[in-house]
Amino acid sequence: MKYAASFSAGRLTVYLSGELDHHEAGGVIRTIDELIEDNMPRECAIDLSDLRFMDSSGIAVIISAGRKMRTLGGRVIVENPQDQARKVLETSGIERLIAVGSHI
């Protein structure tokens, strides 16, 4: 699991690549929390375009980021999920809580 991040005009984008499973989720949650605290964004986008695999632990990562952003009055969006990750997201019903799409 690798990540990169950028911050511009109040928007933090976190790019996840590789595989996101229960072995990686805790570290990713801590990393995103730190990035949010350091940048204080109005919006946090989690870009999944290079994520090859995600299990339900990825849902925990997204929900954790959403909670953190709500405390700041902001929001999380999930961008560019590939087919496998999109299926996990759709199955979870997370789009009722957090925006999910190609380019939002």
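A quick note: this is a predicted structure, and the numbers were derived from the prediction, not measured.

### Comments concerning the pairing of strand E4 (residues 75-79)
Within a regular strand, side chains alternate between the sheet's two faces. The element E4 is largely enclosed, with a buried count of 4 among its 5 residues. With helix H2 (residues 57-71) bridging strand E3 (residues 43-54) and the parallel E4, this β-α-β connection has right-handed handedness. The pairing of E4 with strand E5 (residues 99-101) spans 3 bridges and is parallel. For Val-78, the partnering residue across the bridge sits in E5 and is Val-100.

### Examining the side chain of Asp-33
Tracing the chain through its elements places Asp-33 in helix H1 (residues 22-39). It is Lys-68 that comes nearest to the buried, bridge-free Asp-33 among opposite-charge side chains, at 5.0 Å. For Asp-33, the residues in contact, after removing those within four places along its chain, are Ser-64 and Lys-68.

Definitions and limits used
- Residues numbered from 1 in each chain as written.
- Predicted model: local features only at pLDDT ≥ 70, side-chain atom pairs only at ≥ 80, totals over all residues.
- Heavy atoms only, no water.
- Buried < 20%, exposed > 50% of the residue type's maximum accessible area, 1.4 Å probe, protein only.
- Helix = DSSP H or I, 4+ residues; strand = E, 2+ residues; numbered from the N terminus.
- Right-handed = clockwise from strand over helix to strand, strands pointing away.
- Pairing = 2+ DSSP bridges.
- Lys, Arg positive; Asp, Glu negative; His and termini not counted.
- Salt bridge = Lys/Arg side-chain N within 4 Å of Asp/Glu carboxyl O.
- Contact = heavy atoms within 4.5 Å.

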